[in-house]
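Structural features, examined
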Amino acid sequence: QVQLVESGGGLVQPGGSLRVSCLVSRNIFSISVMGWYRQAPGKQRELVAAIISGGTVKYGDFVKGRFTISRDIGKNTVNLQMNSLKPEDTAVYYCNVLFEQKAYWGQGTQVTVSS
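Residues numbered from 1 in each chain as written. Predicted model: local features only at pLDDT ≥ 70, side-chain atom pairs only at ≥ 80, totals over all residues. Heavy atoms only, no water.

1. Some details on the overall build of the protein
Of regular secondary structure, the protein possesses 0 helices and 11 strands. Counting helices and strands in the order they occur from the N terminus, the protein gives β-β-β-β-β-β-β-β-β-β-β. Taken over C-alpha atoms, the radius of gyration comes to 13 Å for the protein, in line with the 13 Å a tight globule of 115 residues would show. In terms of principal-axis extent, the alpha carbons of the protein reach across some 40 × 25 × 25 Å. Counting only carbon and sulfur atoms, one obtains 49% of the accessible surface of the protein, whose full area is about 6,100 Å². Averaging the coordinates of the 12 positive side-chain charges in the protein and doing the same for the 7 negative ones gives two points 1 Å apart. (Helix = DSSP H or I, 4+ residues; strand = E, 2+ residues; numbered from the N terminus. Rg over C-alpha atoms; globule rule 2.2 N^0.38 Å. Areas by Shrake-Rupley, 256 points an atom, 1.4 Å probe, with all protein chains shown as cover. Lys, Arg positive; Asp, Glu negative; His and termini not counted. Charge placed at Lys NZ, Arg CZ, Asp CG, Glu CD.)

Written out as structure tokens, the structure is:
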């Protein structure tokens with residue numbers, strides 16, 4: 001079993017920055033894939049960014065260099081730094097990990113980009 005707790009969402013103006021974090025209940029060395037997804041109202045959940053255990057990083061096409069995913073092994077967290085935020089980035093952001101071939105999800109954190 002893996003528990004995930006997200007934090008750091010909120011309201012930010014267009015062009016602003018926000019950082020969301022996910023605390024993982026297991027040593028992240030044992031996690032094969034860690035990442036962030038998002039879901040806007042009326043839309044499907046989509047990949048934002050993911051880190052694979054070998055260090056490969058994948059981003060959604062819409063990111064275009066604005067977001068950076070990272071992991072802090074000492075704190076067992078996976079983080080998403082979001083810069084140059086746009087109104088269309090408004091969504092619930094979910095932490096996701098793949099552990100022993102099973103996917104786990106956090107409860108989600110709301111990110112709202114609005115003036």
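2. Digging into the nonpolar core
One finds Leu4, Trp36, Val48, Phe67, Leu80, Met82 and Tyr93 to be the most contacted residues of the largest nonpolar core, which totals 31 residues. Those elements that provide at least two residues to this core are strand 3 (18-24), strand 4 (33-39), strand 5 (46-52), strand 7 (67-72), strand 8 (77-82), strand 9 (91-99) and strand 11 (109-113). With 5 residues, strand 9 is the single largest residue contributor to this core. (Core = buried A, V, L, I, M, F, W, Y, C linked by side-chain atoms within 4.5 Å. Buried < 20%, exposed > 50% of the residue type's maximum accessible area, 1.4 Å probe, protein only.)

3. Things to note about the sheet that holds strand 1 (residues 4-7)
Taken in spatial order, the 4 strands make up an open sheet running 1-3-8-7, and their pairing is antiparallel. Every other strand in the sheet has two partners, leaving strand 1 and strand 7 as the edge strands with one partner each. Taken pair by pair, the neighbouring strands of this sheet meet at an average axis angle of 15°, ignoring direction. Bridge count between strand 7 and strand 8: 6 bridges; the pairing is antiparallel. Bridge assignment links Phe67 to a residue of strand 8, and that residue is Met82. (Pairing = 2+ DSSP bridges. Axes fitted to C-alpha atoms, helices over the stretch in contact; angles between N-to-C directions.)

4. Describing the pairing of strand 5
Most of strand 5 is tucked away: 5 of the 7 residues are buried. Bridge count between strand 4 and strand 5: 6 bridges; the pairing is antiparallel. Across the sheet, Val33 pairs through a bridge with Ile52, a residue of strand 5. Between strand 4 and strand 5, which follow one another and run antiparallel, lie 6 residues, and Gly42 among them has a positive phi close to 75°. With 3 bridges joining them, strand 5 and strand 6 (residues 57-59) adopt antiparallel strand pairing. Looking across to strand 6, one finds that Ile51 is bridged to Val57. In this antiparallel pair of consecutive strands, strand 5 and strand 6, the connection spans 4 residues, and Gly55 shows a positive phi of 105°.

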